[in-house]
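Observations on the model geometry
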Amino acid sequence: MPAAGCCSVAPMINPCAVIPVYNHQAAVTAVVSGVLAQQLACIVVDDGSTPACAAVLDGLAAATPRQVTLLRHPANRGKGAAVLTGIRHAARAGFTHVLQIDADGQHRVEDIARFIAQAATHPQALVIGSPRFDDSVPGLRLWARYLTHAWVSINTLSRRIEDSMCGFRVYPLAPLLELDRQRKLGARMSFDIEVLVRLCWAGIEIINVPTEVSYPKDGVSHFRGGLDNLLISRLHATLFFGMLLRLPTLLARKWSVL
């Protein structure tokens, strides 16, 4: 894959997209096509999908070999692990920023340009989606989301992160790779939350971008209500104690902007 990102952005950043995929054969083609329409190179990570989905991904990579790189996990390892596999590959390929977008079609690919524009203007910042949900969002998922928002506000002593669960975001690679070197990050659904809180602790600027999010009626969700909620609850507890250890620094930072 050539180290070439979106042609319309400032030369100081070189972005690509990373799409973690696990059995999203019905939606992933449209997502990849939308990414390529924005002139972004695309790294697709097959996280142990079934043969049916794997065949779709093989076809996408074969049809656009210069724009799409296909990486594979032989068995399912989780969303966080798939994203990190793509991010590490992007760094080796010379990219400076990664746009993460989900493969299930819930995000508006037309908003990619706005995310990349913010990253180009603020190359050191973490750009994250702030969802505007329509009526398709499941009520239980929305309630759980609000609970997570409350915990994230407590654990960062701020409201800088409007939504920590949205998988539509742009990472500056340098601080994320440093975090990856320092500690083992959550491999599954808790990854999206953990990485934002820890980068917030590190003082990374955060820019929230409003974006419409819908849940397709025939969409495939791999959120496991019992196990993933347990992992997320355990993460919130771990981060809470991490916040207490960082309390003087976080309070000093908070007071400095008042």
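Every chain begins its residue count from 1, and numbering advances along the sequence as written. Whole-chain, interface and lining totals are the exception, using all residues; otherwise, since this is a predicted model, local features are given only for residues with pLDDT of at least 70 and side-chain atom pairs are given and counted only at 80 or more. Side-chain metrics rest on all non-hydrogen atoms present in the structure, leaving aside hydrogens and water.

Some remarks on the overall build of the chain
Defined as follows: The secondary structure listing takes helices from DSSP runs of H or I that are at least 4 residues long and strands from runs of E that are at least 2 residues long, numbered from the N terminus. Partly exposed residues are those whose accessible area sits between 20% and 50% of the maximum for their type, while under 20% is buried and over 50% is exposed, using a 1.4 Å probe and protein chains only. Residue contacts are defined here by distance: any two heavy atoms, one from each residue, within 4.5 Å place the two residues in contact. Accessibility throughout is a Shrake-Rupley quantity obtained with a 1.4 Å probe, and a residue counts as covered only by protein chains that appear here.
Of regular secondary structure, the chain possesses 9 helices and 7 strands. By the burial criterion, 50% of the 258 residues in the chain qualify as buried. Partitioning the intrachain contacts of the chain with sequence separation of at least 6 by distance along the chain shows that 81% fall at a separation of at least 24. In the structure as shown, the chain presents an accessible area of about 11800 Å², 59% of it carried by carbon and sulfur atoms.

Considerations on the pairing of strand β4 (residues 97–100)
Threshold: Being paired, for any two strands, means DSSP has found at least two bridges between them.
In β4, alternate side chains face the same way, and those of H97 and L99 on one face and V98 and Q100 on the other are all buried. Two elements, β4 and strand β6 (residues 169–172), share 4 bridges in a ladder whose sense is antiparallel. Residue Q100 lies in a different strand from β6, and its bridge partner there is R169.

Topic: the sheet that holds β6
This is how the line gets drawn: To get an axis, a line is fitted to the C-alpha atoms, and for a helix only the part in contact is used. The angle between two axes follows their N-to-C directions and goes from 0 to 180 degrees.
Ordered by their spatial adjacency, 7 strands build an open sheet running β3-β2-β1-β4-β6-β5-β7, and the pairing between neighbours is mixed. Among the strands making up the open sheet, the edge pair consists of β3 (68–73) and β7 (206–213). Put simply, the sheet's adjacent strands are angled 25° from each other on average, direction ignored. Across the face of the sheet, helix α1 (residues 28–37) comes into contact with β1 (15–21), β2 (42–47) and β3 while running at roughly 175° to β1. Packed onto the sheet, helix α3 (residues 79–92) meets β1, β2, β3, β4 and β6 and runs at close to 145° relative to β2.

Some words on the side chain of S190
By the secondary structure assignment, S190 is in the loop between α6 (173–182) and α7 (191–201). According to the relative accessible area criterion, S190 is buried, its value standing at 9%.

A closer look at the packing of aromatic side chains
Filter applied, for reference: A pair of Phe, Tyr and Trp rings is counted when the ring centres sit within 6.5 Å of each other, with Trp represented by its six-membered ring. The angle between the planes then sorts it: under 30 degrees is stacked, over 60 is edge-to-face, the rest tilted.
By the definition in use, this model includes 3 aromatic pairs. Measuring from ring centre to ring centre gives 4.1 Å for F115 and F168, while their planes differ by 15°; the resulting arrangement is stacked. Taken as a pair, F115 in helix α4 (residues 112–121) and F168 in the loop between α5 (139–156) and β6 lie far apart in primary sequence, 53 residues in all. Its relative accessible area of 0% is what places F115 among the buried residues. Ring geometry for F240 and F241: centres 5.7 Å apart, planes at 75°, overall edge-to-face.

Some points on the nonpolar core
Most often, soluble globular proteins keep nonpolar side chains buried together rather than apart. In plain terms, the rule: Grouping buried Ala, Val, Leu, Ile, Met, Phe, Trp, Tyr and Cys residues that are joined through side-chain atoms within 4.5 Å yields what is termed a nonpolar core.
By size, the foremost hydrophobic cluster in this structure holds 38 residues, and its most contacted members are I87, L126, Y171, V195 and L199. Counting only elements with at least two residues in this core, the list comes to β1, β2, α3, β5 (126–133), α6, α7 and α8 (225–245). Among the elements that make up this core, the one with the highest residue count is α7 (8 residues). I87 has contacts with V18, V98, Y171, L173, L176 and L177, leaving out every residue within four places of it along the chain. Counting 32 residues, the second largest nonpolar core, distinct from the first, contains C53, V68, I101 and V170.

What about the packing of α1 against helix α2 (residues 51–63)?
Selection criterion: The labels follow the angle: roughly parallel below 35 degrees, roughly antiparallel above 145, roughly perpendicular from 65 to 115, and oblique for the rest. The hand of a helix crossing depends on one turn: near helix anticlockwise from the far one by less than a right angle means left-handed, and clockwise means right-handed. Polar here means any residue outside two lists: the nonpolar Ala, Val, Leu, Ile, Met, Phe, Trp, Tyr, Cys and Pro, and the charged Asp, Glu, Lys and Arg; Gly therefore counts as polar.
Between α1 and α2, whose axes approach to 10 Å, the crossing angle comes to 25°. Relative to α2, α1 is oriented roughly parallel. The interaxial crossing formed by α1 with α2 has right-handed handedness. Here V28, T29 and V32 of α1 lie close against α2, whose contacting residues are V56, L57 and L60. Grouping the constituent residues of the contact of α1 with α2 by class yields 5 nonpolar, 1 polar and no charged.

Some points on a nonpolar patch on the surface
The line we're drawing: Note on patches: the residues involved have over 30% relative accessible area and no salt bridge, like charges join within 9 Å, and the nonpolar side chains Val, Leu, Ile, Met, Phe, Trp and Tyr join within 5 Å. Any Lys or Arg side-chain nitrogen found within 4 Å of a carboxyl oxygen on Asp or Glu counts as a salt bridge.
Taken together, L147, W151 and I154 make up a surface patch of nonpolar side chains, about 250 Å² in accessible area. Along the chain, W151 turns up in helix α5.

What about the environment of S190?
The sequence separation of S190 and G80 amounts to 110 residues, and the corresponding C-alpha distance is 7.5 Å. Those residues in contact with S190, other than ones at most four positions away along the chain, are I232 and L235.

Thoughts on α4
Rules: To obtain the arc, one takes the directions from the helix axis to the C-beta atoms.
Taken together, the buried positions of α4 are occupied by I112, F115, I116, A119 and A120. For α4, the buried positions fall inside an angular range of 135° around the axis, keeping them on one side. Looking at the buried residues of α4, the elements they touch are β1, α1, β4, β5, β6 and β7.

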